Amino acid sequence: MFIKENLHKIKNNIPANVELIAVSKTKPVSDILEAYKAGQRAFGENKIQEMAKKYEELPKDIQWHMIGHLQRNKVKYMAHFVHLIHGVDSFKTLKEINKQALKHNRIINCLLQLKIAKEDTKFGLSIADVNDIITSEEFTSLKNINIKGLMGMASFTEDKSIIRAEFNMLNSIFFELKKYIFFNFNPSILSMGMSGDYKIAIEAGSNMIRVGSLIFGKRNYT
């Protein structure tokens, strides 16, 4: 029952405008079902094939969020059901998502991942990259994707001032990009904040947080 209690504790302490994505990667179907029975419908996974397997086994009103680094050759395995792709970090990936969405007669919602952390291990676009993408003529030809906003991950550090500065920077970029509105670019989601830093992220303007261990407990990667 601790999953239900953890979910309710988080939901009762975040603003109503902030959507909670329960990060269920590596967790069994039984844990996801417990969260589902407690009212949670949005779940995040970082491996496409694991997410596809869970999609087949679980209720179809679940909204599946792909939150991990995206390999283009695996987009086809989730194109028929994914609700939101958080980590789009290249134009080539965006074009592949559009191609696979077209095959299923869908429009797939995406977030552009910006690199706001200092460490080299984080993926993401620069603000110049984003501007180049959304103002390009080729971008307007992508009819089967819809960019709903931005995603970013802060540095892995205990220094809250660094985390806060990085989130604030992404929020500023988010508001700057809101001046661009196209049929396939409608920025309304700012996805930032995980179990260790979601409170700082919300203070900095996040309206979508990705929380795993605080809901399901520590992960077993073996």
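Preceding this section is the structure that the text describes.
Below, the structure is looked at part by part. (Residues numbered from 1 in each chain as written. Predicted model: local features only at pLDDT ≥ 70, side-chain atom pairs only at ≥ 80, totals over all residues. Heavy atoms only, no water.)

This next bit is on the overall build of the protein. When helices and strands are tallied, the protein shows eight helices and eight strands. Whereas a compact globule of 222 residues would reach a radius of gyration of roughly 17 Å, the protein reaches 17 Å, a difference of no more than 12%. Along the first, second and third principal axes, the C-alpha set of the protein runs to 50 × 45 × 35 Å. Expressed as a percentage of its 222 residues, the buried residues of the protein come to 51%. Taking the contacts inside the protein whose residues are at least 6 apart along the sequence as the reference set, 61% of them involve residues at least 24 apart. Put simply, the protein shows about 10,900 Å² of open surface, and 52% of that area lies on carbon and sulfur atoms. Charge separation in the protein, taken as the distance between the mean sites of 32 positive and 23 negative side-chain charges, equals 4 Å. (Helix = DSSP H or I, 4+ residues; strand = E, 2+ residues; numbered from the N terminus. Rg over C-alpha atoms; globule rule 2.2 N^0.38 Å. Buried < 20%, exposed > 50% of the residue type's maximum accessible area, 1.4 Å probe, protein only. Contact = heavy atoms within 4.5 Å. Areas by Shrake-Rupley, 256 points an atom, 1.4 Å probe, with all protein chains shown as cover. Lys, Arg positive; Asp, Glu negative; His and termini not counted. Charge placed at Lys NZ, Arg CZ, Asp CG, Glu CD.)

Moving on, we come to unusual backbone geometry. The phi angle at Thr26 is positive, at roughly 70°, despite the residue not being glycine. By secondary structure assignment, the location of Thr26 is in the loop between strand S1 (19-23) and helix H2 (29-37). A relative accessible area of 31% means that Thr26 is categorised as partly exposed. For Asn105, which is not glycine, the phi dihedral falls at a positive 55°. Tracing the backbone through its elements, the reader meets Asn105 in the loop between helix H4 (91-103) and strand S5 (108-114). Overall, the relative accessible area of 71% leaves Asn105 in the exposed class.

The biggest cluster of nonpolar side chains holds 65 residues, and the ones touching the most others in it are Ile85, Leu94 and Phe139. It is helix H6 (residues 160-177) that contributes the most residues to this core, six residues altogether. Not counting the four nearest positions on each side in its chain, Ile85 is found in contact with Met66, Leu70, Met78, Ile97, Ile108, Asn109, Cys110 and Leu111. Ranked by size, the runner-up nonpolar core spans seven residues in total, among them Ala42, Leu111, Met151 and Met208. (Core = buried A, V, L, I, M, F, W, Y, C linked by side-chain atoms within 4.5 Å.)

Moving on, we come to helix H1 (residues 2-11). When H1 is considered as a whole, its buried residues turn out to be Ile3, Leu7 and Ile10. When H1 is viewed along its axis, its buried side chains cluster within an angular range of 70° and face the same direction. Residues of H1 that are exposed and point more than 90 degrees away from the buried face comprise Glu5 and Lys9. Of the surrounding secondary structure, the elements contacted by the buried residues of H1 are S1, H2, helix H7 (198-203), strand S8 (208-211) and helix H8 (213-216). (Arc of directions from axis to C-beta.)

Another aspect to go through is the pattern of salt bridges. Summed over all chains, the structure comprises eight salt bridges. Among the ionic pairs, Glu45 bridges to Lys54, the shortest N-O distance being 2.8 Å. Assessed through its relative accessible area of 0%, Glu45 is described here as buried. Its relative accessible area of 6% is what places Lys54 among the buried residues. Notably, a salt bridge pairs Glu203 with Arg164, separated by 3.9 Å at the nearest N-O pair. Note that Glu203 is positioned in helix H7 and Arg164 in helix H6, a separation of 39 residues in sequence. Judged by relative accessible area, Arg164 falls into the partly exposed class, the value being 34%. By sharing partners, the salt bridges in this structure join Glu45, Glu50 and Lys54 into a single network. (Salt bridge = Lys/Arg side-chain N within 4 Å of Asp/Glu carboxyl O.)

Of note, Glu96 is situated in helix H4. What Glu96 contacts, discounting residues up to four positions off in sequence, is Arg72 and Val75.

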